[in-house]
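# Architecture and fold: a report
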Amino acid sequence: MASTATPAASAASRSAGGKFLTFFLGQEEYGLEILKVQEIIGMLDITPVPRTPPFVRGVINLRGKVIPIIDLRRKFGMAAAQGEETCIVVVKAHGVETGLVVDRVSEVLDIAEEDVEAPPDFGAGVDTSFLLGIAKSDKRVQLLLDIDKVLATHEALTLSPSASQPHTPEEENR
Amino acid sequence: MDRERQRTLRRLLSMLGGLRPQDREGLGAAASVLEEIWTALPEEAGALREALQLCQEGLQAVLAETHPEPTRLLAAAVAALAACAQCNQQAQEGPALAPALHALRQALGKGQEEPVPSLDELLALFVQLEPDNTADVPALVAALRAFLATPAATPALRQPLQQALAYLEAVRDGTATEVAAALTAAGQLLAAAAEARDAAPAAREDVPERPPQTAAAGAVSGMALLPPGAEIELIGDFLVECREYIEQAEAALLALETDPEDPEALNTVFRAFHTIKGTAAFLGLQLVSELAHRAETLLSRMRDGEIRCTGGYADLALQAVDMLKALAQALQSALAGASASLPAGLEALLDLLAHPEAAGISEEETSPPPSLPDLVPRAGEQKTRAVPRLGDILVAQQKVPRETVEQAVAQQGQEPLGVTLTRSGAAQLCDVAHALRLQRRLLQDGQQSATVRVRTDRLDRLIDMVGELVIAHSMVAQDHVVIHGKHHELLKKVAHVGKIVRELQDLSMAMRMVPLKSTFQKMARVARDVATRQGKAVQFVTEGEETEIDRTMVDVLNDPLVHMVRNAVDHGLEPPEERQRLGKPRTGTVRLAAYHAGSSVVVELQDDGRGLCREKILEKALARGLIASAQGLADHEVFSLIFAPGFSTAERVTEVSGRGVGMDVVKRHIEALRGRIDIASEPGRGTTFTIRLPLTLAITDGMLVRIGTQRYILPTMSIAVSFRPEPSALRTVVGQGELVLLRGELLPLLRLHRLFAIPEAEPDPTRGLLVVIQVHERRYALLVDELLGQQQVVAKSLRASLGEVPGIAGAAILGDGRVGLILDPAGLVALARERLPAETARMTPPAA
C-alpha cells in the first residue's frame, strides 16, 4: 500500500538518525527518540482509572504530578506480563508527561541516518504510521516509535499481523 | 417675638435643608418638634399657629409616603416654614407667608385648583435632583408645565423655561445621553429665568438670596459682612456651629488627601458647606452663604464623580475652607464691635469657585510638587525606603517648627496629626494637605518597588509543590522510625519542620486569595446602570467586600453575579410608583454581602422587591413540562424550578434581562465552582439568593472511602448522610433498578463496584455502608465498603492526560503518596442511568 508507506517514509527522512533509547517488549526491540524521554523509573503502585481503555494502567504520583501510565504491551495487543526488569519510561508527548510500561530498558544507541529504513508494508489492516522507521545494526532490528502518534490514538495498535486479533477493550475490562 | 422659638425654628430649618423624603428619621424628629412648637403657641397667635400646624401636616404627609411628589411637598413645607420663621422674627405677617402657605396647601391637595408651583419652588425642586437619581424628574417636568401655563410665566421667562423643559423631558424619557450635563443645562436655564424675573421691574419683594451671576465682580463690594439689623445673638450661635462644621470639613479634606475617593469624607465636607450655606442665608449673611454655596457646587461635582478631589480641585476646596474660617473670624470681631474688614482674596476665590476650569484648574497639580531636600536622600540610603512621617515633611519644608510638631504629637490623642496641627492653628490647612499629598506619592513609589509580577502558572505550581511538601512531610512524620524509634531529637526536628511547612502552606494559599471588593464595585455599577435605564430607584448596599476568595473563582463568579444583580433590579424590584402604592419606600434596596462560614465563602444577594411568585412559577413549569403536577411541592422546590434550563419568569422581555441566558446558566457556573445556590423568597418582601463556594478550587474537602481494593475521594460538599440499611429497606423495582428506603424516601442505589468493575468489593448493602449524595436536587445512595476519614486534598485534573473520565472529577495525592481519584457525583449518576436498562435485564434471568 503506497499510501501508508509514503507518509512513514517522509517521517523517517525527517527525523531518522540520532540518539535513541532502546527497550524490549517480549523479544522485540524498540527505539524512542532520546529527546522525548524524560526519565526512567522503577515500577510503582499504579492507581487504576476506571472506564479507560485496557492499555491505560492508571495514574501514578511522579513527585507531585499525576501522570498516566500506558502499558505498551497492551497498546500493541500483546499479552500482559510483568517481570523483574519491568519499568516505566517517562516521555513527554503533546506536552503531557506519560509513563510507558516496558519489559526492559536496553541502551542508548546512536543510529546513523543511512541505517534507518522506511517501515515495511505489512499489507492491509496493519497501520505502520506510528513508526518513524526500522533501524538495522549489528544484526539487530529496532522499531523506532513516533511516540506522539502512538499516544495520540485511544485505540490499541496492531503491529504484526499475528498479534492483530480483533478485541474490544470494553469486554476485557469486565 | 419669641427668641427661644426663633432659635428652634432656625435649627429645624437647617436640619430640614439637608433632608430628602427618604430620610424618615430626621423628618419624623422635625415633625414632632414642630408639633411641640405650635401646640405651645397661644390661641391669639392664630395665623402663625395655623401655619406651623400646616407645615407639620406637610412633613407628616411626606412621612406617610402617600403623596405622589414627596420631594415637591417637602420643598413646599420647608419654604412655608422659612416664611413662618421670618414672620415670627418680625412679629408680623411677612409678605412671603401667604403665598408659601398657599403653595403648601395646594401640595397637600387642600387647594381647589390644580397646584401651580412658583418659579422659586421649581428651583427648589430642581436643586434637590441628583444626577444618579432621576426619579423626581417627572414631577419637575409636570410642575414646570403647570407653571408655563400660568400668567406668571411672562414672555421673558418663557424661552429659557421652554428650553429647560426640553432638557428635563429628555432626561425623563431616558433619551438624554449625558444626564448630568442635561441637568446642568436645565439648571442654568432655570437660574437664568429666575434672574430675568428678579431683574424685571415688577419683581416681587423677595429677598434675593444670591447676587446675579453677571454682577459677580462687583457683588462682594456690594455685600456687607454684617447685614443691617442683624441678630447678634443668633449670629454668635451660628459662628460656634460654623466652627464645628469647619473643623469637620478640615479633617475630612485631609482624609481625602490620603484617599481622594473616600465617599464618607466627601459627604462630610459637602454637608458642612451645605448646612453653613442654609443657615447663613437665613441669617442674611450673604457673603458666607455665597462662598458656601459655590464651594458646595464644587463638592457636589466631586461627590457625583464628575471631578476628583485631587490637585487643583483639592486646593480649591481647601482654600474655600480657609476662607470660610477667615470670614467667621472677621464676623466674630465685627460682633465684638471692632471694625472688621473683608478677608483678602475673597473676591478672587469666589470667581475661581464659580468657574474653576476657566482659571485652568484641573485634577493636575497646580504648583510644582514641593521637594524634600533633606528627607528623600536620607530615605534612599536606607535599604527599605521608609516613608517620612507627616511631621518630618512639614518641618523639612519649614512650614512648622519642630518644637510645635513635637508638642502637637504629645497632645495628639485619637486624631491624626494633621488634624491636630490645623485645629491648634500651628499649621495652615493647605500646607498639611500638600504634605499629605507628598507622603502619599512617596508611599506609592515605595509600594511599586515592593511588588513583583508573577505568572499565575508559576504560582499555581508553587502551591501544588507546597501541597506535596505537606504530604511528604506527613509521610516522614508518620514513618515507623520517627514514631516508634527512640530518637527524641529527631522527633523534635520533624515537628519543627512541620510547623514551618504549615506556615508555608498558609502563605501560599493566601497568595491566590483576592478580596471580592472589585467584583462588588462592578456589581454596584451594574445595579445603578440597570436602575437608571429602568427608571427605578435603587440603593445598593455591600457588606464584607474584604472577604477573600480564590483568584480563579473571582473571574468565574463575575458573570453569574452580573446576571443575578440585573435580575434583582429588573425583575425583583417594583417600579417606584408601585412600591409607593404598596407602602414601601420608593427606593428599593439590593444588598450584596459576603462572609466566611467554615471552609466556605457565602455570597448573599438580597432584594426587597416583589419576591418570587409561586403560582406563576408553577404555571410556567407545568406549561413547559418541567413538572407533572404541582402537588406537594415545598416552596424551596418550587423556587428551584427557576434554575431549570429555558425558564424565565419575566413577564416581558426588557432590554436588560431576558435574553435567553437564564438562571440555569447561573446555576451551572456556580456548580462548576463546586458551589451551591439556594433561594429564599417571601411574596412582597423580596428574594434572597445564597451562594456557597469553597474557599479555593485547589483544595477539596473530601471523604476518603474504600471500595474493594480501591480508595476514592468523595467531595464533602455533596455528601448528605451515611447509613447502613436494614435488609427490609432494600427494594428492587423492575425498570428502576435497586432502591433503598431512608426515612420514607426511596433513593436509587448506586453500586460503584459494578460501575467501575472494582474487584473484592462488598456487594451486600447491609454489610457495607450507603453514602447519600445529592445531585441536582435528587438524592442517591452510593454503596461503599467503609469510610476511611475526612481529608483535604489538592485536586489535579486528568483532562490533559486522559481526557474526560466519566464519574471521575480528578485525582489527588493521598497521605501515603499514592494517587486517589476524586469521584464526580453527577457523573456517577449519569453513568448509572446509562447502565440501568442493562442492569434490569441482568436481574431478570435466573443465570445472574
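In what follows, the structure referred to is the one given above.
Residues numbered from 1 in each chain as written. Chains lettered and ligands numbered in written order. Predicted model: local features only at pLDDT ≥ 70, side-chain atom pairs only at ≥ 80, totals over all residues. Heavy atoms only, no water.

### Regarding the packing of helix H12 (residues 263–283) of chain B against helix H13 (residues 286–303) of chain B
Residues and elements named next belong to chain B. Just so we agree on the cut-off: Lines fitted to the C-alpha atoms define the axes, with helices restricted to the stretch that makes contact. Angles between their N-to-C directions range from 0 to 180 degrees. Each helix corresponds to a stretch of at least 4 residues labelled H or I by DSSP, and each strand to a stretch of at least 2 residues labelled E; elements are numbered beginning at the N terminus. Just so you know how the angles are binned, under 35 degrees is roughly parallel, over 145 roughly antiparallel, 65 to 115 roughly perpendicular, and the rest oblique. Each helix crossing is assigned a hand: it is left-handed if the near helix lies turned anticlockwise from the far helix by less than a right angle, otherwise right-handed if that turn is clockwise. Here, residues are in contact when the closest pair of their heavy atoms is within 4.5 Å.
The geometry of H12 relative to H13 is characterised by a closest axis approach of 8 Å and an angle of 155° between their N-to-C directions. Relative to H13, the element H12 is oriented roughly antiparallel. The two elements H12 and H13 meet at a crossing, and its hand is left-handed. Only Val288, Ser289, Ala292, His293, Ala295, Glu296, Leu299, Ser300, Met302 and Arg303 of H13 make contact with H12, whose side of the interface consists of Leu266, Asn267, Val269, Phe270, Phe273, His274, Ile276, Lys277, Ala280 and Ala281.

### What about the interface of chain A and chain B?
This is how it is decided: Buried area is calculated as the accessible area (1.4 Å probe) missing from two parts once they are joined, with the contributions of both summed. Salt bridges are defined by distance alone: a side-chain nitrogen of Lys or Arg within 4 Å of a carboxyl oxygen of Asp or Glu. Throughout this description, a polar contact denotes any pair of N or O atoms lying within 3.5 Å of each other; where both atoms belong to protein, one of them has to be capable of donating a hydrogen while the other can accept it, and for residues adjacent in sequence the pair is counted only when both atoms sit in side chains. Polar here means any residue outside two lists: the nonpolar Ala, Val, Leu, Ile, Met, Phe, Trp, Tyr, Cys and Pro, and the charged Asp, Glu, Lys and Arg; Gly therefore counts as polar.
Across the contact, 19 residues belong to chain A and 24 residues belong to chain B. Buried area between chain A and chain B, summed over both chains or domains, comes out near 1,900 Å², and the portion from carbon and sulfur atoms is 66%. Ranking the residues of chain A by area buried against chain B places A:Pro50, A:Arg51 and A:Val66 at the top, with a combined share of 32%. Summed over the shared surface of chain A and chain B, the number is one salt bridge. Between B:Arg818 and A:Asp45 there is a salt bridge, with the nearest N and O atoms lying 3.7 Å from each other. Applying the counting rule to chain A against chain B returns two residue pairs in polar contact (both at pLDDT 80 or more). Those elements that place two or more of their residues in the side of chain A that touches chain B are strand E4 (56–62) and strand E5 (65–71) of chain A. No other element matches the four residues that E4(A) contributes to the side of chain A that touches chain B. Tallied by class, the residues present in the side of chain A that touches chain B amount to ten nonpolar, five polar and four charged.

### Thoughts on helix H29 (residues 663–672) of chain B
Note the following rule: Note on classification: 1.4 Å probe, protein chains only; a residue is buried when its accessible area is under 20% of the maximum for its type, exposed when over 50%, partly exposed between these limits.
Residues B:Met663, B:Asp664, B:Val665, B:Val666, B:Lys667 and B:Ile670 constitute the buried set of H29(B). Each element contacted by the buried residues of H29(B) is listed here: helix H25 (551–572), strand E6 (676–682) and strand E7 (686–694) of chain B.

### What about the pairing of strand E4 (residues 588–597) of chain B?
Residue and element names in this part refer to chain B. The test is simple: In short, DSSP must find at least two bridges between two strands for them to pair.
Pairing of strand E2 (residues 538–543) with E4 involves six bridges; the strand directions are parallel. Of the residues in E4, the one forming a bridge with Glu543 is Ala593. Sheet topology note: the E4/strand E5 (residues 600–607) ladder contains eight bridges and is antiparallel. Counterpart to Ala594 in the pairing with E5 is Val603.

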